[in-house]
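Structural features, examined
Listed below are the residues making up each chain.
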Amino acid sequence: GVWHRTAAERAALVTPVNYAYVPSPKIDVRRHLTAWDDGSVQTTGLQTAINMAYANKARLILPNGFNVASGALSLTMDGNRLTQGLAIEGAGPNGSVITQSGAPTEVFNFSGATPTGNPSESQLVLENFTVRQSALAKTAHGLTLNGIAGFRLSNLQLQGFDRALNLSSALIGLIDQDSYFGDSNTGIYVRRNGTGSTTNLLRIRDCRININSSWGIDFDGGSQLQLYCNDIEANGTTTVVTTGGIAIRGALAPDSLVAGVVLECNWLENNLGRSLFVEAPTGG
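Residues numbered from 1 in each chain as written. Predicted model: local features only at pLDDT ≥ 70, side-chain atom pairs only at ≥ 80, totals over all residues. Heavy atoms only, no water.

1. A word on the overall build of the chain
Rule in force here: Secondary structure elements are defined from DSSP: runs of H or I of at least 4 residues count as helices, runs of E of at least 2 residues count as strands, and each element is numbered from the N terminus. Throughout, radius of gyration means the C-alpha value; the globule benchmark is 2.2 Å times the number of residues raised to the power 0.38. Exposed residues in this analysis have more than 50% of their type's maximum accessible area, buried residues have under 20%, and partly exposed residues fall in between, with area computed by a 1.4 Å probe over protein chains only. Whether two residues touch is decided by their heavy atoms; if any such pair falls within 4.5 Å, the residues are in contact. The Shrake-Rupley method, run with a 1.4 Å probe sphere, supplies the accessible areas, and residue values consider only the shown protein chains as cover. In this count, Lys and Arg are taken as positive residues and Asp and Glu as negative ones, while His and the chain termini are left out. Charged side chains are reduced to one point each, which is NZ for Lys, CZ for Arg, CG for Asp and CD for Glu.
Along its length, the chain carries two helices and 23 strands. In summary, the chain has a C-alpha radius of gyration of 19 Å against a globular reference of 19 Å for 284 residues, a match within 12%. Principal axes of the C-alpha set define a box for the chain whose edges measure 60 × 40 × 30 Å. Put simply, the chain has 284 residues, and 54% of those count as buried. Long-range contacts, defined as pairs at least 24 residues apart, comprise 69% of the intrachain contacts of the chain with a sequence gap of at least 6. On the chain, roughly 11,700 Å² of surface is accessible, and the fraction owed to carbon and sulfur atoms is 52%. Taking the average place of the 19 positive charges on the side chains of the chain and the average place of its 22 negative ones, the gap between the two points comes to 6 Å.

2. Here we look at empty space enclosed by the protein
To be explicit about the condition: Space inside and on the surface of the protein is sampled on a 1 Å grid over the protein atoms alone, with a cavity defined as a set of points where a 1.4 Å probe fits but cannot get out and a pocket as an open set with protein on both sides within 12 Å along at least 5 of 7 lines; lining residues have an atom within 4 Å of a point. Grid points are joined across faces, edges and corners, and a volume is the space filled by probe spheres set on the points. Each residue gets one of three labels, nonpolar for Ala, Val, Leu, Ile, Met, Phe, Trp, Tyr, Cys and Pro, charged for Asp, Glu, Lys and Arg, and polar for the others, Gly among them.
Following the criterion strictly, the structure yields one cavity of 30 Å³ or more and no others. Of the volumes computed, that of the largest cavity is approximately 40 Å³. In this structure, the largest cavity is lined by Leu46, Ile50, Leu60, Leu62, Leu73, Ile88, Ile98 and Phe108. A breakdown of the residues in the lining of the largest cavity according to their chemical character gives eight nonpolar, no polar and no charged.

3. Some details on the pairing of strand E10 (residues 148-159)
In plain terms, the rule: Two strands are said to pair when DSSP picks up at least two bridges between them.
Counting buried residues along E10, 10 of its 12 residues qualify, which places the element largely inside the surrounding structure. The pairing of E10 with strand E12 (residues 171-176) spans five bridges and is classified as parallel. Its bridge partner lying in E12, arginine 152 is registered against leucine 174. The pairing of E10 with strand E13 (residues 180-182) spans three bridges and is classified as parallel. Bridged to glutamine 157 within E13 is tyrosine 180.

Listed below in structure tokens is the structure:
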């Protein structure tokens, strides 16, 4: 079939490249790309597709065999759980692949409207695809979430970056279902953005965090980090004790009334440097 422009596309003065793909409520990414399975750079089309999916509160579909390159992609999420939402769904980590192009700060950046103030309730879901770098220096981040609350990352693979997953005042998040953060300098890097919210209520379960040269998980500036049944393996650098599996640093939220970090049934094997580093708290 042929699907003409939606009201959102007309309002945004967007003309689809291909009309053979359904625009809503599940938007096929191919609607806005000039090619989708040849590894070509498709930054502009990908950004348009993300914007259109967000405008329609839709699910953006990355089909099986999806293979493109991209520079920086970004979205500011400025509503709340009643007014916004976005899901990007692939066909599996081997079926849907985005490879870094150029030298962006990060490939994906989802930010709240006031990242150093109150977080935006993002209602963001990313699942079943891979983001990777290829033959480039590990200077970019794979995915940055900045000043948002309410996200889920499932069966997502981020590999070959400076920080595979960079969380900055990103809270109330679930990361699960064999998501992989590896082959990077740091697998999961967690910090507070200035005066923004602390990174609270972050649950990571059933994931693989492997082969990162600095830390598998580097957590600071938050509370209620829960790690369940993860494979945290072969991280760190030989004889460098400031690297390893997990670093829990001192700036845990000072107002925490219950345990700030929970570790249960995690597999810590063959980490270099040290498997676990816990810093003396600096807050009250």
